[in-house]
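Fold and geometry: a report
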Amino acid sequence: MKFKGGYNILLKGRPASTVKAMPEPKSLYLPLYSERFTFTDIRVKDGQKVSGGDILATDPNNHAVPLLAPRAGKVSLKAIENHIVLEDVARLEEHADIAEKELQHVEREMGAAGIKRYKLLSLGAWQFFYDAFTGALPDPLGTPQAVIVSTLSLEPFLTRGDIQLHKRLLNFTRGLEHLQSLLEYQPIYMVMPNISSEFANLIRNQIRGYALVKMLEIPLKYPYDHFAILARRLNLKADGGSVWAVRSEGVLAVDRALTLTKPCTVRIVSIGGIGVNMPTHMKVMPGYPIQKIKENYIFEPAARVINGGILTGRILEADTLGVDTECRGITVLRELHEREFLGFIRPGWSRHSYANCYLSSLRKKFEEKYTTGVRGELRPCISCNFCEEVCPAGIMPHLIHKYLYADLIEEAEQARVDLCVECGLCSYVCPSKIDLRKQLIEAKALIAKEKEEIRQEQLRQKELQKQQEEARKLSEEKAQ
Ligand code: SF4
Ligand code: SF4
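What comes next is a walk through the structure. (Residues numbered from 1 in each chain as written. Chains lettered and ligands numbered in written order. Predicted model: local features only at pLDDT ≥ 70, side-chain atom pairs only at ≥ 80, totals over all residues. Heavy atoms only, no water.)

1. A look at the site of ligand 2
To keep things clear, this is the line we draw: Residues are classed as near a molecule or strand on a simple rule: at least one heavy atom within 4 Å of it. Under this grouping Gly is polar, as are all residues other than the nonpolar Ala, Val, Leu, Ile, Met, Phe, Trp, Tyr, Cys and Pro and the charged Asp, Glu, Lys and Arg.
If you check the shell around ligand 2, you find C381, I382, S383, C384, N385, C387, H398, C430, P431, S432 and L436 and nothing else. A class-by-class count of the residues in the shell around ligand 2 yields seven nonpolar, four polar and no charged.

2. Considerations on the packing of helix α3 (residues 169-181) against helix α6 (residues 248-259)
For any two helices packed against each other, the geometry comes down to the angle between their axes and how far apart the axes lie. Spelled out, the test is: Note on method: axes are straight lines fitted to C-alpha atoms, helices fitted across the in-contact stretch only, with angles between N-to-C directions ranging 0 to 180 degrees. Only runs of H or I of at least four residues qualify as helices and only runs of E of at least two qualify as strands under DSSP, and these elements are numbered from the N terminus. Every angle not falling under 35 degrees, over 145, or within 65 to 115 is termed oblique; those three ranges are roughly parallel, roughly antiparallel and roughly perpendicular. In what follows, a contact means two residues having at least one pair of non-hydrogen atoms within 4.5 Å.
Running from amino to carboxyl end, α3 crosses α6 at an angle of 75°, the nearest separation of the two axes being 8 Å. The angle between the axes of α3 and α6 places the two elements in the roughly perpendicular class. Contacts between α3 and α6 involve N171, F172, R174, G175, L176, H178 and L179 from the former and S248, V251, L252, V254, D255, L258 and T259 from the latter. Here the residues of the contact of α3 with α6 are counted per class, giving seven nonpolar, five polar and two charged.

3. Quick notes on the site of ligand 1
Every residue lining ligand 1 is accounted for by C391, P392, A393, I395, P397, C420, V421, E422, C423, G424, C426 and L440. Looking at the shell around ligand 1 residue by residue, the classes come out as 10 nonpolar, one polar and one charged.

4. Some points on the sheet that holds strand β2 (residues 28-31)
What counts, and what does not: A strand pair is defined by DSSP finding two or more bridges across the two strands.
In space, the four strands of this open sheet follow the order β2-β8-β7-β4, with antiparallel pairing throughout. Each of the sheet's edge strands pairs with one partner strand only, and the pair in question is β2 and β4 (49-50).

5. Focus on the sheet that holds strand β18 (residues 329-334)
Through backbone hydrogen bonds, the strands of a sheet pair up, either in parallel or in antiparallel fashion. Spatial strand order, β1-β15-β14-β18-β16-β17: six strands in an open sheet with mixed pairing. In the strand order of this sheet, the two ends are held by β1 (19-21) and β17 (314-315), each with one partner. Along the sheet face, helix α7 (residues 290-297) touches β1, β14 (267-272), β15 (280-284), β16 (303-307) and β18 and points at about 150° away from the line of β15.

6. Quick notes on the packing of helix α9 (residues 397-405) against helix α12 (residues 436-479)
We apply this condition: Crossing handedness is read from the near helix: turned anticlockwise from the far helix by less than a right angle, it gives a left-handed crossing, and turned clockwise, a right-handed one.
Interaxial distance between α9 and α12 falls to 10 Å at its minimum, and their mutual angle equals 60°. It follows from the interaxial angle that α9 and α12 lie oblique. The two elements α9 and α12 meet at a crossing, and its hand is left-handed. Contacts from P397, I400, H401 and L404 of α9 reach α12 at L436, Q439, L440 and A443.

7. Points about the nonpolar core
To keep it simple, the criterion reads: Think of a nonpolar core as a cluster: buried Ala, Val, Leu, Ile, Met, Phe, Trp, Tyr and Cys residues, connected wherever their side-chain atoms sit within 4.5 Å. Burial here depends on accessible area, computed with a 1.4 Å probe over protein chains only, as a share of the maximum for the residue type. Under 20% is buried, over 50% is exposed, and the range in between is partly exposed.
Within the largest apolar cluster, 73 residues are counted, with the highest numbers of intra-cluster contacts made by V149, F172, L176, L179, M190, I293 and I330. If near-sequence neighbours (up to four positions away) are discounted, V149 is found in contact with F172, L176, L179, I188, Y189, M190, V191, V246 and V251. A146, F227, L311 and F386 belong to the second largest nonpolar core, which has 37 residues in total.

In structure tokens, the structure reads:
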């Protein structure tokens, strides 16, 4: 399978390659939720003193993935709703919160590989893993059909892989070795840009000696780095078992957990967009106060702060006070509350359009100052086909949109809405500014819910039949 669709958008506010350490905070505000996790099993008490690396809470629905204390401090459970607050934060020696007894039990049951997997989970490295097809956290004790390691991050303005790897190539290759030791014969696909840069060449040379690692070089076009698109490109089948997917930062976390037995609590997070003073990368820990980041970087008074990239990120709600455990970037856009007067007929010298219908198409390559304004475009589908052209999943978003508008869910399912990887390109290029991505995500969720309900009903019927059968046999036996 070849790559389909894709599109690169040039926007102003791209983070520089520098990584800045943020000042140590006095308090940390750890959100109890992130994109995939909800930490409901609280393991600490109000007022308890903890060390850096201690397990504060776990997510019981996600293989008990832990929320770790990034620093030593005093726990406050009641201060802020949906957060664990760490007060009087101090940077002391970190601690690996692994129970010796548990470790012995795991070793007896699963041997050395089991210990490694247990360490990855307990030390916070496993949360960097995804199932390539579903995006969910894979089972740490499962066996994948393959592993995809990506050094890329193509959505504006998420933290790029080369920034993560800067001066840490040795840690990266050691992390790959650890990954390899978790597998039997399954391949590791290493995703690289198909360009010849000094850095890319350095990685290629480092990787050459690894038998299980196969190189996959891809064009630098969004969203070819998406794990589901890569898995399809590699002809891996969704029903052939889990495909583990991990980015550079995840491989570095594997190295930290398995070489040093240390918790993985610090992340490199990008801060970009036109509302930011000097877009860059920050070294922060989960729970780092958003307010402090705003004071340091955001100059725009009316700003929309997004947790994630321009196309797939979610608005950071005002009641989220700290960086969550999965944050990969913070994007800040100027918020336009009012519809611009006659915005639609403006010549568009300053904006990009996939359609090349604005004056800007006469300009040389330039970076657009992207805001939240839609400049009056909201209107019905004009059947321009742009969404279909850019869709990397090879589906027809405009057709599915029409089916959904007419409540034709079955037809939307037949049009393979399930293949949508939620990259957001269709919404971006749509000249009518229809939020196709949102509609398709909602449709997928609805179809999945209906399927689950049917499955549950079938199970219930089966159970009922079994009970009736048993009751019939019992009454026959009694009658004899
Ligand atoms: S339909 Fe889905 S995969 Fe296709 S462009 Fe839209 S969001 Fe991306
Ligand atoms: S890009 Fe928008 S207007 Fe064009 S076909 Fe797709 S949904 Fe319709």
